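Structural features, examined
The residues making up each chain are set out below.
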Amino acid sequence: MPRIFFGLELPSEIKERLLNVRVSVPGAKWQSAEQLHITLLFLGGVEESRLEAVVDSARAIRPTPFELEVSGLGCFGQSRRPRNLWAGVKPEAPVAAIHEALGLRMEKLGFEAERRSFLPHITLARFKRQPGSVERLLAEQGASVFGQFAVTEFALFDSKPGPAGSEYRVIERFPLSGPGERI
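Here is a short report on the structure shown in this document.

What counts and what doesn't
- Residues numbered from 1 in each chain as written.
- Predicted model: local features only at pLDDT ≥ 70, side-chain atom pairs only at ≥ 80, totals over all residues.
- Heavy atoms only, no water.
- Pairing = 2+ DSSP bridges.
- Helix = DSSP H or I, 4+ residues; strand = E, 2+ residues; numbered from the N terminus.
- Axes fitted to C-alpha atoms, helices over the stretch in contact; angles between N-to-C directions.
- Expected span 1.5 Å × (residues − 1).
- Contact = heavy atoms within 4.5 Å.
- 1 Å grid on protein atoms, 1.4 Å probe; cavity = no way out; pocket = protein on both sides within 12 Å on 5 of 7 lines; lining within 4 Å.
- Points joined across faces, edges and corners; volume = space filled by probe spheres on them.
- Nonpolar A, V, L, I, M, F, W, Y, C, P; charged D, E, K, R; others polar.
- Salt bridge = Lys/Arg side-chain N within 4 Å of Asp/Glu carboxyl O.

**As for the sheet that holds strand S8 (residues 153-160)**
The four strands lie next to each other as S3-S1-S8-S9, forming an open sheet whose pairing is antiparallel. Because the sheet does not close on itself, it has two edges, and the strands there are strand S3 (38-45) and strand S9 (167-175). The mean angle between the axes of side-by-side strands here comes to 20°, regardless of whether they run parallel or antiparallel. As paired strands, S8 and S9 are joined by eight bridges and run antiparallel to one another. Across the sheet, Leu-156 pairs through a bridge with Glu-172, a residue of S9.

Here it is, written out as structure tokens:
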């Protein structure tokens, strides 16, 4: 059963800049360039028989293309004991609108809505046991700007666990302009 999620792909030049954030922090499991993305909506394990309905429903979402700036660093959890280190995106509103539209459409297909609030971000590192502090990193690089890019599509990804972390494969891409439901 595929584990799937909707997300935004990042240009390689922004990925390269994000990879330069890496510093030695105890417990940090840094993401590779191939793992860097913005998650729009995680669905989890989905039966193959339901994939076509998921894809068809997402095709109807056609927001207007927009520009995103990747800037700022933050963490989930306390900076002394983080769970994740992330880079932010601005503006958040168009990303949140796609998240909401996907969530509503997937709920109609019987998927359970996420309960936690949505914060568009790019996970840079995950922390497991005994995480080290990222306070210094946030103080030194917290206001960094990593670049801008045009968002012209979103994608449905398959996520497979691997020894170096999850491996992602694009199942389908959805253009942001064209006939269909506007958000």
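Additional details are given in the paragraphs that follow.
**Details of helix H2 (residues 48-59)**
Helix length check: H2, at twelve residues, gives a terminal C-alpha distance of 18 Å against a target of 16 Å (1.5 Å per residue), a fit within 8%. For H2, the secondary structure elements touched by its buried residues are strand S1 (3-8), S3, helix H3 (93-108), S8 and S9.

**A few points about empty space enclosed by the protein**
Applying the stated criterion across every chain yields a total of two cavities of 30 Å³ or more. Space inside the largest cavity adds up to approximately 60 Å³. As for the largest cavity, its lining consists of Leu-41, Phe-42, Leu-43, Gly-103, Met-106, Glu-107, Phe-111, Glu-112, Ala-113 and Glu-114. Put simply, the parts of the chain that give the lining of the largest cavity at least two residues each are S3 and H3. Here the residues of the lining of the largest cavity sort into six nonpolar, one polar and three charged. Residues of the lining of the second largest cavity, tallied by class, amount to five nonpolar, one polar and one charged.

**Looking at the sheet that holds strand S4 (residues 66-78)**
With antiparallel pairing, five strands are arranged side by side in an open sheet as S2-S6-S5-S4-S7. Two strands in the sheet have a free side with no partner beyond their single neighbour: strand S2 (28-30) and strand S7 (145-151). Pairwise comparison of adjacent strand axes, ignoring direction, gives a mean angle of 30° for this sheet. Two strands pair when backbone bridges link them, and strand S5 (residues 81-90) and strand S6 (residues 121-127) are joined in this way by five bridges, in the antiparallel orientation. The residue bridging Gly-88 from the neighbouring strand is His-121, located in S6. The strands touched by helix H1 (residues 12-19) within the sheet are S4, S5, S6 and S7, with S7 carrying the most contacts at an inclination of about 155°.

**Side note on the pattern of salt bridges**
If charged atoms from side chains of opposite charge come close, those side chains can pair. One pass over the structure, following the stated rule, counts nine salt bridges. Taking the shortest distance from any N to any O, the salt bridge between Glu-172 and Arg-59 comes out at 2.9 Å. Here Glu-172, found in strand S9, pairs with Arg-59, found in helix H2; they are 113 residues apart in sequence, far enough to count as distant. Taking the shortest distance from any N to any O, the salt bridge between Glu-153 and Arg-173 comes out at 3.3 Å. With a gap of 20 residues between them, Glu-153 in strand S8 and Arg-173 in strand S9 connect regions that are remote in the sequence.

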